[in-house]
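# Examination of the molecular architecture
Residue-level listing of the chains:
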Amino acid sequence: MKDIAVVSFAQSDCRRDAGACNEVELIMPVIEQALQEVGLRNSQDVDFTCSGSCDYQQGAAFAFVMGVDALGAVPPIKESHVEMDAAWALYESMLKITMGQAESALIYGFGKSSPGELPTVLSQQLDPYYLAPLWVDSVSLAALQARVLLDRGIISEQDMAAVVSRSRANAKANNPHAQLAGDVSVEELLAEAEWVAPLRKHDCCPISDGASAMVIATVERARSWGRPFAVIKGIDHRMESHNIGARDLARSASTELAAEKAGVANGAVEVAELYAPFSHQEIILSRALGLDDSTEINPSGGVLAGNLMMASGLSRIGEVARHIMNGDIRRGVAHATSGPCLQHNLVAVLEAA
Amino acid sequence: MSEDAGEHITAIETPVYLKYNFTAGQATTRFLQQVRQGKLVGQRRPECDCGNVYVPARGSCAACGLPTTEEVELGDKATVQSFTIVWIPIPNNPIQPPYIVANLVPDGANISFIHLMSECDNDSVHIGQRVEAVWKPEEEWDYAMDNIRYFRPLDEPDVPIEMIGKVPLAGWEGEA
Amino acid sequence: MSERLSQQFELGYTYTRSTGPIVGRFLTELRQRRIVGTRGDDGRVYVPPMEFDPVTASALDEFVEVADCGEVVSWCWVSEPRDSHPFDTPFAWALVKLDGADVPMVHAVCAGRDEMRTGMRVQACWAEETRGYITDIVCFEPEAQGKGP
């Protein structure tokens, strides 16, 4: 695969309710910022544009088409969309570049979850015969998974709280866009009441509105722009059965396989940004990726500090790319997820040029 | 559903109802606040070369991808850019078919919106036709496009196709 | 922005879904208060039945009847039920492995918070009128003789 470079990345604040903004107003500032960092004007200046979003979140049919109003798509551009996290829009854009049909691409994701009740909306992405009619929500399914880990002694409640404590501290130190940030101890967290036991509210990512955007290009094109960039050295995504009962919920077999195919183990992982919407899932993921104490996990605070549903996966990749573009690190790993209990996972390895 | 043991189930009804709270967004809120006052107002970005005035605006100059910052008051008169005759009744809609749904460009705007036409002979509705808004009584005005009941034909010369979307707020006097 | 305009609305998707032969058989049996699964290529019994083996992808068509009682493999406690949930008082979601099945299914368990534990025995509580839906099983309840101390 030819090397592809991440050239710029921008993300909005994570806000519980961006009610005063429609999708165009959410998207426009991050697209403008991502393009301006490279000196580009609008989507006319890239070869391909691809977005990720889900209309069910806000209950607005074709909201993703409305989003095109933020692009400057006159005259018409080459454009595509995935009804998924924008990390998969990045994947599609990489295929487009790899096939030689584009040398640069603008990718963006947006989520406006505040109009609906997100865990309930997500219940309707489940099996429509066996699960959706029960309205099993996404938090409850994650709680079933957490108990599997607790019952088997793989993790403790202290381990889960430690993930949350570190997320909040990292968000306070490093992430101006975080929704939840601050100093809170494991003891304070464990003193809170259970919500969907064994999960406490803080074990679950907040619900956030916002958007993120990224510009990628061939390494040759990136060099011509004269800006620092990060190279995507490997990317892979794998999916597991929709049947929750048929999966080993204590591990993430799909992440393990994607990590192997993406080449995670081919070098030191200095930073990993993992899309773990629930505290126990960060532990599952770091084990699946073979990470140890030498890796700084979720320096941004991860999505426990703010979850832009349909943009958070792209943001994980953007966060790692930014560390490399800033010269802080030379190699990092980003992860995106989709579906209940980490059903579908994407792993990307990024390196300095 | 039958309790007959022999009948094999081949389909099930799986209705899904989801509750939402729609919020209008900044541009749409500004537009609806003016509609509430009985005025059609578009938006544009003065710096854009295209100069497009959008109605209802969604916050961006769609041609350029940048925020619309200036409001532009529009007239009640408009031009038919396209139309269709609807023969299918819509549940809960008091309008009985056949009726006209049209793409209309108000004077002073460049982009059309969709509204109804009435008080017209359906067979003689045509592209380029001049129309005007028929508003509900003021006491019924709300934050809604149906403050305008419909548009009705005007006795004015047609706008040639190449001029549709370019008629100024001052109106159309016919070919100069 | 002086004013924020918002409007509540409900979106309805009034779908009718074809079941296909495997799901249709399961629902037809449920209507008769029987629970069936399919046997996977590795011999494991999936309940509810899967149409295709999740490992080999081959079509599955060997039906196996299982019991309407079994064991809780994992569970969570819903202290604040949502409007969409089937119960308006606290209940559990659980992975229930029915006797004769190898793969657990997700369903609700109605029991006291203190009764809930992994490994507990539960049995199906059937709807008064069964119609061929997963909700023909209203929930699972602690097995009469298997109640905890």
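Counting restarts for each chain: residues are numbered from 1 in the order of the written sequence. A letter from A marks each chain and a number from 1 marks each ligand, given out in the order of writing. Per-residue local features are limited, in this predicted model, to residues with pLDDT of at least 70; the limit for side-chain atom pairs, both in listing and counting, is 80 or more; totals at the level of whole chains, interfaces and linings are taken over all residues.

Regarding its fold elements, chain C presents 1 helix and 9 strands. Numbered from the N terminus, helices here are DSSP runs of H or I no shorter than four residues, and strands are runs of E no shorter than two. Going from the N terminus to the C terminus, chain C shows its helices and strands as β-α-β-β-β-β-β-β-β-β. Based on the C-alpha atoms only, the size of chain C along its principal axes is roughly 65 × 45 × 35 Å. Two residues qualify as a contact pair if the distance between their C-beta atoms, derived from the backbone, is within 7 Å. Residue pairs at least 24 apart in sequence account for 49% of intrachain contacts in chain C once pairs closer than 6 positions are excluded.

Turning our attention to the sheet that holds strand 7 (residues 209-218) of chain A. Residue and element names in this part refer to chain A. In spatial order, the strands read 3-2-4-7-1-8-12-11-9-10; together these 10 strands make up an open sheet with mixed pairing. With partners counted over all chains shown, the strands left at the sheet margins are strand 3 (79-82) and strand 10 (296-297), one partner each. Only strands joined by at least two bridges in the DSSP assignment are considered to pair. In terms of strand pairing, strand 9 (residues 271-273) meets strand 11 (residues 331-338) through 3 bridges, oriented parallel. Within strand 11, the residue paired with V271 across the bridge is G332.

Turning our eyes to something else, we now look at the interface of chain C and chain B. How big an interface is tends to be stated in terms of the accessible area lost upon association of its parts. Taken residue by residue, the interface counts 25 residues in chain C and 24 residues in chain B. Contributions of two or more residues to the side of chain C that touches chain B are made by strand 1 (6-18) and helix 1 (20-31) of chain C. In terms of residue count, strand 1 of chain C provides more of the side of chain C that touches chain B than any other element does, 13 residues in total. Each residue gets one label: Ala, Val, Leu, Ile, Met, Phe, Trp, Tyr, Cys and Pro are nonpolar, Asp, Glu, Lys and Arg are charged, and the others, such as Gly, are polar. Counted by class, the side of chain C that touches chain B contains 8 nonpolar, 12 polar and 5 charged residues. Here 13 bridges tie strand 1 (residues 11-23) of chain B to strand 1 of chain C, and the two strands are oriented antiparallel to one another. Bridge assignment links P15 of chain B to a residue of strand 1 of chain C, and that residue is T14 of chain C.

Turning our attention to helix 10 (residues 253-262) of chain A. Residue and element names in this part refer to chain A. Along helix 10, the positions that sit buried rather than exposed are S254, T255, A258, A259 and A262. Here the buried residues of helix 10 occupy an arc of 135 degrees about the axis, which is enough to place them on one side. Where the residues of helix 10 are buried, they touch strand 8 (230-239), helix 11 (279-288), strand 11 and strand 12 (344-352). Remark: G263 follows helix 10 within two positions and exhibits a positive phi of approximately 85 degrees. Every C-beta atom is placed from the backbone, and the number of other C-beta atoms within 10 Å of a residue's own sets its class: buried at 20 or more, exposed at 12 or fewer, partly exposed in between. Each C-beta atom gives one direction from the helix axis, and the arc is the one those directions make.

At the interface, 33 residues of chain C touch 31 residues of chain A. Residues that form the side of chain C that touches chain A fall into these classes: 21 nonpolar, 9 polar and 3 charged. Of the strand pairs in this sheet, strand 5 (residues 194-197) of chain A and strand 5 (residues 69-78) of chain C are connected by 2 bridges, and their pairing is antiparallel. The residue of strand 5 of chain C that forms the bridge with A197 of chain A is W77 of chain C.

The next subject is the sheet that holds strand 3 (residues 45-46) of chain C. Residues and elements named next belong to chain C. The strand order across the open sheet built from 3 strands is 3-2-4, with neighbouring strands paired in antiparallel fashion. In this open sheet, the two strands that pair with only one neighbour each are strand 3 and strand 4 (63-66). Here strand 2 (residues 35-39) runs beside strand 4; their pairing, made up of 4 bridges, is antiparallel. Its bridge partner being in strand 4, I35 is matched across the sheet by V66.

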